[in-house]
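Observations on the model geometry
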Amino acid sequence: MERFQTLHSPAVPLPLENIDTDQIIPARFLKATTREGFGDNLFRDWRYNPDNSPKPEFALNNPRYSGQVLVAGKNFGCGSSREHAAWALYDYGFRVVISSYFADIFRGNALNTGLLPLQVSDETLGRLLAAIHENPALELVVDLPSQTLAVPAWGETFSFAIDPYKKECLINGYDDIDFLVNQKPAIEAFEKQRAWVW
Ligand SMILES: CC(C)[C@@](O)(CC(=O)O)C(=O)O
């Protein structure tokens, strides 16, 4: 996975609550056996008409919006445990999703994929969605080491929570196996010390 340290980016707004995993990646696309390629079908039924022509009104098709941050309504990622939802967002190019509440399983799947679920208050979420609608170029600065989201145009910085282990993994670009492999020196030192005990 890519290392995640600090991201400067505008954001794409999706001011809808309860966006479920089937809206994020419809079940008919779950047949692939690798993580790559799901981005092509991210929000498929919201992005494209039945004849596969893009829906110009949908935020991801609107040239006003860009960036690696998705700002979405509360209860994002609800509905199922499919990891493909996180894979589709990451494969499309998003590295942060901001909402005021994430479904638990989606939060875990996102962190395992290298996608940062960044939780803010309902009030801050509402301000962000309104501000991005007014100014699509609004820059957001996400700094994972300090666990902060800054909005330079506001002169404000917001803190966010993250599991310490998952924070270390994202900063280093580790999945769970990478983390364990990087503990090898400590494991070998422990085994050597135990060898003395026996
Ligand atoms: C196994 C997977 C395809 C699942 O059935 C899992 C689930 O429903 O949580 C889904 O629809 O996402």
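The following refers to the structure shown. (Residues numbered from 1 in each chain as written. Predicted model: local features only at pLDDT ≥ 70, side-chain atom pairs only at ≥ 80, totals over all residues. Heavy atoms only, no water.)

It is worth spelling out helix 4 (residues 104-113) at this point. Side chains of residues three or four places apart in an α-helix project in the same direction, reflecting 3.6 residues per turn. When we look at burial in helix 4, the residues that qualify are Phe-106, Asn-109, Ala-110, Leu-111 and Thr-113. Residues of helix 4 that are buried in the fold lie against helix 3 (84-92), strand 5 (116-119) and helix 6 (164-172). Gly-114 occupies a position one or two residues after helix 4 and carries a positive phi of about 95°. (Buried < 20%, exposed > 50% of the residue type's maximum accessible area, 1.4 Å probe, protein only. Helix = DSSP H or I, 4+ residues; strand = E, 2+ residues; numbered from the N terminus. Contact = heavy atoms within 4.5 Å.)

On to the packing of aromatic side chains, then. The tally for this structure, following the rule as stated, stands at 11 aromatic pairs. Among the aromatic residues, ring-to-ring pairing joins Phe-43, Trp-46 and Phe-58 into one connected group. When the ring centre of Tyr-48 is taken as origin, the NZ or CZ atom of Arg-44, which lies over that ring, is 4.1 Å away. The cationic tip of Arg-127 hangs over the ring face of Trp-154; the distance from NZ or CZ to the ring centre is 4.1 Å. (Phe/Tyr/Trp six-rings, centres within 6.5 Å; stacked < 30°, edge-to-face > 60°. Lys NZ or Arg CZ within 6 Å of the ring centre and 35° of its normal.)

The calculated volume of the largest pocket comes to roughly 170 Å³. Surrounding the largest pocket, 13 residues form its lining, Pro-13, Pro-15, Glu-57, Ala-59 and Tyr-65 being those nearest its centre. For the lining of the largest pocket, the secondary-structure elements that each account for two or more residues are strand 2 (11-14) and helix 5 (122-134). Class assignment for the residues of the lining of the largest pocket results in nine nonpolar, two polar and two charged. (1 Å grid on protein atoms, 1.4 Å probe; cavity = no way out; pocket = protein on both sides within 12 Å on 5 of 7 lines; lining within 4 Å. Points joined across faces, edges and corners; volume = space filled by probe spheres on them. Nonpolar A, V, L, I, M, F, W, Y, C, P; charged D, E, K, R; others polar.)

Moving on, we get to the sheet that holds strand 6 (residues 140-143). On the basis of which strands lie adjacent, the open sheet formed by four strands has the order 1-6-7-8 and antiparallel pairing. Among the strands making up the open sheet, the edge pair consists of strand 1 (6-9) and strand 8 (156-159). On average, adjacent strands in this sheet sit at an angle of 15° to one another, irrespective of strand direction. Of the pairings in the sheet, the one linking strand 1 to strand 6 comprises four bridges and is antiparallel in character. Among the inter-strand pairings, Thr-6 is bridged to a residue of strand 6, identified as Asp-143. Where helix 5 meets the sheet, its contacts fall on strand 6, strand 7 (148-151) and strand 8, and the angle it forms with strand 8 comes to roughly 135°. (Pairing = 2+ DSSP bridges. Axes fitted to C-alpha atoms, helices over the stretch in contact; angles between N-to-C directions.)

Here we take up unusual backbone geometry. One non-glycine residue with positive phi stands out, namely Asn-52, at about 70°. The phi torsion at Gln-147 lies on the positive side, around 55°, for a residue other than glycine. Position of Gln-147 relative to the elements: it lies in the loop between strand 6 and strand 7.

For the rest of this paragraph, the subject is the site of the ligand. The local shell around the ligand consists of Leu-30, Ser-80, Ser-81 and Arg-82. With respect to the ligand, the backbone of Ser-81 contributes an N or O atom lying 2.8 Å from an oxygen atom. One nitrogen or oxygen atom from the side chain of Arg-82 is found 2.9 Å from an oxygen atom belonging to the ligand. A per-class count over the shell around the ligand returns one nonpolar, two polar and one charged. (Near = heavy atom within 4 Å. Polar contact = N/O pair within 3.5 Å; in protein donor to acceptor, adjacent residues only side chain to side chain.)

Just distances and angles here, no functional claims.
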